[in-house]
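Structural characterization, general
Below are the chains, spelled out letter by letter.
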Amino acid sequence: MPFDFRRLDIYRKVPKDLTQPTYTGAIVSICCCVFISFLFLSELAGFIATELINELYVDDPDKNSGGKLEVNLNVSLLQLECEVVGLDIQDEMGRHEVGHIENSMKIPLNDGRGCRFEGKFSINKVPGNFHVSTHSATAQPMNPDMTHIIHRLTFGDRLEVPNVHGAFDALAGADKANTNPLASHDYILKIVPTVYEDMNGKQRFSYQYTVANKEYVAYSHTGRIIPAIWFRYDISPITVKYTERRPPLYKFITTVCAIIGGTFTVAGIIDSLIFTASEAWRKIQLGKIH
């Protein structure tokens, strides 16, 4: 006797004339399909959208930078002429540069009474400072006015990602226009390396920073007041990494199968309970059950 392959079918079919459609079954079926469609679309939207994973670790993320960190500074000195404005850089590796001019630009403001300084320069990844002052001027002005507005201070690449909300330009918009004209300003920065890795594995290196500031009047050894705008920085050993990820396909398929199977199972139980209860009630009304 030949083996009947159909005996392996675990999904036996019930003849259509042995089934009974009901109104409650139709309602449950419609609700079931709507519920499955809603959950499926929700899971599909979650699968298509990328999720952002963040982690912390101790390391220098940008080992190809040669120990350098790029700085972008844009500051307006409201009552100081451009000819006396300069940028000085110092750090613990012995760097001491007065009047840095490479990749910098000074734009006169207020009919030449003020100056907008824009600079792009590199610093070593060690504690140090850079400051805007009159130290490089040939002749020091009398009572230099350091009231200012900071438009931009960023480190590394400019990172503009909608899902990442960090302090990449924490000093943007800092307004010291109404402070003591002869006061020095200290901005103490704690710089945190930040890595952003997109879906293609491409990495961008940027830096967030926290800031604290103080204002004081500083005197030189001759008793003169020589104010400056100081940015004292230290680099954190902790790196923040943001990674774009998308859920794997197998997880999406597994979830969809669970949604369909679970919803049909629960709907079948509900429909069976309703049908059994309605049949029992009908028999009671007919007097078959006492």
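Heads up: these notes are all about the structure in this document. Treat the numbers as computed from the prediction; the structure is a model and nothing was measured.

**Concerning the overall build of the chain**
In terms of regular secondary structure, the chain is built from two helices and 13 strands. Computed over C-alpha atoms, the radius of gyration of the chain comes to 35 Å, more than 25% over the 19 Å expected from 2.2 N^0.38 for 290 residues, which places it beyond the range of a compact globule. Each of the three principal axes of the chain carries a C-alpha extent, and together these read 115 × 50 × 30 Å. When burial is assessed residue by residue, the chain has 34% of its 290 residues classed as buried. Looking at the chain as shown, the accessible area adds up to about 18000 Å², and 59% of this sits on carbon and sulfur atoms.

**Considerations on the side chain of Ser-206**
Tracing the sequence through the fold places Ser-206 in strand S11 (residues 203-216). The exposure class assigned to Ser-206 is buried, which follows from its relative accessible area of 3%. At 2.8 Å, the side chain of Ser-206 forms a polar contact with the backbone oxygen of Asp-157. The contacts of Ser-206, once residues within four sequence positions are left out, are Phe-155, Asp-157, Leu-159, Phe-168, Val-192, Pro-193 and Thr-194.

**Let's talk about unusual backbone geometry**
Here the phi dihedral of Asn-103 falls at roughly 55 degrees; this positive angle occurs in a residue that is not glycine. Here Asn-103 falls in the exposed class, since its relative accessible area comes to 56%. Even without glycine at this site, Asn-110 takes up a positive phi of about 50 degrees. Within the element layout of this structure, Asn-110 appears in the loop between strand S5 (104-109) and strand S6 (114-124). Among the residues examined, Asn-110 registers a relative accessible area of 37% and is labelled partly exposed.

**Looking at the pairing of S5**
Sheet analysis places S5 next to S6, joined by six bridges and oriented antiparallel. Bridge pairing in S6 links Met-105 to Glu-118. In this antiparallel pair of consecutive strands, S5 and S6, the connection spans four residues, and Asn-110 shows a positive phi of 50 degrees.

**Brief notes about the packing of helix H1 (residues 23-48) against helix H2 (residues 249-286)**
Running from N to C, H1 and H2 cross one another at 165 degrees; their axes reach a closest spacing of 10 Å. When the axes of H1 and H2 are compared, the pair comes out roughly antiparallel. Relative to H2, H1 is oriented so that their crossing is right-handed. Of H2, the residues touching H1 (which contributes Thr-24, Gly-25, Val-28, Cys-32, Phe-35, Ile-36, Leu-39, Phe-40, Glu-43, Leu-44 and Phe-47) are Leu-249, Phe-252, Thr-255, Val-256, Ile-259, Ile-260, Thr-263, Phe-264, Ala-267, Asp-271 and Ile-274. Among the residues making up the contact of H1 with H2, the classes are represented as 16 nonpolar, four polar and two charged.

**Examining the nonpolar core**
Grouped together as the largest cluster of nonpolar side chains are 33 residues, with contacts concentrated most on Leu-73, Phe-130, Leu-153, Phe-155, Leu-189 and Phe-231. Listing elements by their share of this core, those giving two or more residues are strand S2 (68-77), strand S3 (86-91), S6, strand S7 (128-133), strand S8 (148-156), strand S10 (184-197), S11 and strand S12 (229-235). If you tally residues by element for this core, the top one is S2, at five residues. The contact partners of Leu-189, leaving out residues within four places of it in the chain, are Leu-153, Phe-155, Leu-171, Tyr-209, Thr-210, Val-211, Phe-231, Arg-232, Tyr-233 and Asp-234. Grouped together as the second largest cluster of nonpolar side chains are eight residues, Phe-168, Val-192, Tyr-196 and Val-240 included.

**What about the state of the cysteines?**
A covalent bond between the sulfur atoms of two cysteines is what we call a disulfide. By the definition in use, this model includes one disulfide. Each sulfur of the disulfide joining Cys-82 and Cys-115 lies 2.3 Å from the other. Between Cys-82 and Cys-115, the S-S dihedral sits near 105 degrees, and the bridge is therefore right-handed. Here Cys-115 lies in strand S6 and Cys-82 lies in the loop between S2 and S3, a separation of 33 residues in the sequence. Of the two residues examined, Cys-82 and Cys-115, each falls in the buried class. Considering cysteine sulfurs only, Cys-32 is the nearest to Cys-31, which forms no disulfide, with 8.8 Å between them. For Cys-31, a relative accessible area of 49% gives the class partly exposed. Its sulfur unpaired, Cys-32 is 5.4 Å from the next cysteine sulfur, which belongs to Cys-33.

**Things to note about H2**
The end-to-end C-alpha distance of H2 is 55 Å, a good match for the 56 Å that 38 residues give at a rise of 1.5 Å each. Within H2 the residues assigned to the buried category are Phe-252, Val-256, Ile-259, Thr-263 and Ala-267. Against H1 lie the buried residues of H2. Positive backbone phi, approximately 80 degrees, marks Gly-287, located one or two places after H2.

Scoring rules and cut-offs
Residues numbered from 1 in each chain as written. Predicted model: local features only at pLDDT ≥ 70, side-chain atom pairs only at ≥ 80, totals over all residues. Heavy atoms only, no water. Helix = DSSP H or I, 4+ residues; strand = E, 2+ residues; numbered from the N terminus. Rg over C-alpha atoms; globule rule 2.2 N^0.38 Å. Buried < 20%, exposed > 50% of the residue type's maximum accessible area, 1.4 Å probe, protein only. Areas by Shrake-Rupley, 256 points an atom, 1.4 Å probe, with all protein chains shown as cover. Polar contact = N/O pair within 3.5 Å; in protein donor to acceptor, adjacent residues only side chain to side chain. Contact = heavy atoms within 4.5 Å. Pairing = 2+ DSSP bridges. Axes fitted to C-alpha atoms, helices over the stretch in contact; angles between N-to-C directions. Parallel < 35°, antiparallel > 145°, perpendicular 65-115°, else oblique. Left-handed = near helix turned anticlockwise from the far one by under 90°. Nonpolar A, V, L, I, M, F, W, Y, C, P; charged D, E, K, R; others polar. Core = buried A, V, L, I, M, F, W, Y, C linked by side-chain atoms within 4.5 Å. Disulfide = S-S within 2.5 Å. Expected span 1.5 Å × (residues − 1).

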